[in-house]
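Here is what each chain is made of, one letter per residue.
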Amino acid sequence: MEKDKERLKVIDNIKEAVANGNFNIKVENDDPIVTNKQREDIILKYDIFYHKISKKIKRLIARRIVNNYTKFFNYDTEIVGKENLENIDGGAIITCNHFNVMDSTIIRKLMIDLKKEKKLAIVIEESNVFLPGKFNLLTNNCNTIPLSESRVYMRDKFYPAMQKRLNNNEWILVYPEEEMWFNYKKPRPLKPGAYHFAIKYGVPIIPCFVEMQERDEYDENGFRKLRFILHIMPPIRPDKTMTLKEQKESMCKKDYEYKVKAYEKAYGKKLDYSFENWDIGGFY
């Protein structure tokens, strides 16, 4: 079956990024680019606390839609390691690999299974606020917290929203790999933001890794469909005996080690970053 040309271009971008050691850059060809005017007109006025009635109604609609997507996308998704969540009784930061526009539904399935679906928030890049079509409704109204380059927005909206949700015992999904890499199986080096949040608010990191298994059937893009296994590792907690820098480095390093270990156990191979077609789920 012939593969979608746009997806193949993205895979070429991934291959080039891997060759150059750039594991956290954008590889999609059509991601919106946020201008300073858009940041001023939309991001700074973003209703992050759902004060407006219209925003609350959209949240109800979006939650219903995304819950249906979750059931469809994860009808046989397996979750391993729930026992590692037993001692978490408050807010937390969830970290996971980022490989699909719908991969947050894997974490949502976990929250539904735990009967905590309303306690999930997701940090998104500000560019996602401007996604077209159906994704606009979902990315803007499913308890999302846009991350922006605007210092004013971060000070007045982002950090207060993070604190409010964590104080409300919510779990916040953060992608420390930053950018989405289409169906990329390998864990990528992690950025420190998620661990900064965990230390700032005194909450644990819940390290997760999604394994992909190919099916025998193909999707509309000519790639084999995938089945997912969510691996949950033991929580990583801030250590106040260390400096802020040491804590961030230690937590980030431990999380990466967990993800590498989960990858190597899931696929039965050592992690190395030489590119092969197998790295892209469903490619072969």
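As shown above, the structure is provided for reference.
Described in the following lines is the structure provided in the data block. Note that the coordinates shown come from a computational prediction; the quantities given were computed from them, not determined experimentally.

**Some remarks on the overall build of the chain**
And then number 1: Regarding its fold elements, the chain presents eight helices and seven strands.
And then number 2: Rg of the C-alpha trace for the chain: 18 Å, near the compact-globule value of 19 Å for 284 residues, within the 12% margin.
And then number 3: C-alpha atoms of the chain, sized along the principal axes, occupy 50 × 45 × 40 Å.
And then number 4: Here the chain holds 284 residues, and 52% of them are scored as buried.
And then number 5: For the chain, long-range pairs separated by at least 24 residues make up 75% of all intrachain contacts whose partners lie at least 6 apart in sequence.
And then number 6: Surface summary for the chain: the accessible area is close to 14300 Å², and the carbon and sulfur share equals 51%.

**Digging into the sheet that holds strand 5 (residues 171-174)**
And then number 1: Strand order in the open sheet formed by seven strands is 1-7-6-2-5-3-4, and the pairing between neighbours is mixed. On the outer flanks of this sheet lie strand 1 (78-80) and strand 4 (144-147), each paired with one strand and no other. Across the sheet, the axes of successive neighbouring strands diverge by a mean angle of 25°, strand direction being ignored.
And then number 2: Of the pairings in the sheet, the one linking strand 2 (residues 92-95) to strand 5 comprises four bridges and is parallel in character. Each residue of the ladder has a partner; that of Thr 95, found in strand 5, is Val 174.
And then number 3: In this fold helix 6 (residues 151-167) packs onto strand 2, strand 3 (120-125), strand 4 and strand 5, with an angle of close to 145° to the strand it touches most, strand 4.

**Description of the pairing of strand 6 (residues 205-218)**
And then number 1: Of all the 14 residues making up strand 6, 10 are buried; the element is thus mostly covered by neighbouring parts of the structure.
And then number 2: Sheet topology places strand 2 next to strand 6; three bridges connect them, and they run parallel. For Ile 94, the partnering residue across the bridge sits in strand 6 and is Ile 206.
And then number 3: Bridge analysis of strand 6 against strand 7 (residues 224-232) gives eight bridges, and the strand direction is antiparallel. Bridging across to strand 7, Tyr 218 finds its partner in Arg 224.

**Things to note about unusual backbone geometry**
And then number 1: With a phi angle near 55°, Tyr 50 is a residue other than glycine that sits in the positive phi range.
And then number 2: Residue placement: Tyr 50 occurs in the loop between helix 2 (36-43) and helix 3 (53-73).
And then number 3: For Tyr 50, a relative accessible area of 3% puts it in the buried group.
And then number 4: Positive phi, normally seen in glycine, also occurs at Glu 178, with a value near 75°.

**A few points about empty space enclosed by the protein**
And then number 1: In the structure shown here, the tally under the stated rule is one cavity of 30 Å³ or more.
And then number 2: Estimated volume of the largest cavity: approximately 60 Å³.
And then number 3: Lining the largest cavity, in full, are Arg 59, Arg 63, Arg 108, Glu 117, Lys 118, Leu 120, Asn 141, Cys 142 and Asn 143.
And then number 4: Looking at the lining of the largest cavity residue by residue, the class counts come to two nonpolar, two polar and five charged.

**Section: the nonpolar core**
And then number 1: Counting 64 residues, the largest nonpolar core has Ile 93, Ile 145, Met 162, Ile 172, Ile 206 and Leu 230 as the members making the most contacts within it.
And then number 2: If one sorts the elements of this core by residue count, helix 8 (residues 244-267) sits on top with seven residues.
And then number 3: Apart from residues no more than four positions distant in its own chain, Ile 172 is found in contact with Ala 92, Ile 93, Ile 94, Ala 121, Val 123, Ile 145, Met 162, Arg 165 and Leu 166.
And then number 4: Judged by nonpolar contacts, the second largest core, of 13 residues, contains Ala 17, Val 27, Phe 182 and Phe 223.

Cut-off values and rules
- Residues numbered from 1 in each chain as written.
- Predicted model: local features only at pLDDT ≥ 70, side-chain atom pairs only at ≥ 80, totals over all residues.
- Heavy atoms only, no water.
- Helix = DSSP H or I, 4+ residues; strand = E, 2+ residues; numbered from the N terminus.
- Rg over C-alpha atoms; globule rule 2.2 N^0.38 Å.
- Buried < 20%, exposed > 50% of the residue type's maximum accessible area, 1.4 Å probe, protein only.
- Contact = heavy atoms within 4.5 Å.
- Areas by Shrake-Rupley, 256 points an atom, 1.4 Å probe, with all protein chains shown as cover.
- Pairing = 2+ DSSP bridges.
- Axes fitted to C-alpha atoms, helices over the stretch in contact; angles between N-to-C directions.
- 1 Å grid on protein atoms, 1.4 Å probe; cavity = no way out; pocket = protein on both sides within 12 Å on 5 of 7 lines; lining within 4 Å.
- Points joined across faces, edges and corners; volume = space filled by probe spheres on them.
- Nonpolar A, V, L, I, M, F, W, Y, C, P; charged D, E, K, R; others polar.
- Core = buried A, V, L, I, M, F, W, Y, C linked by side-chain atoms within 4.5 Å.

In short, shape yes, function no, at least from these values alone.
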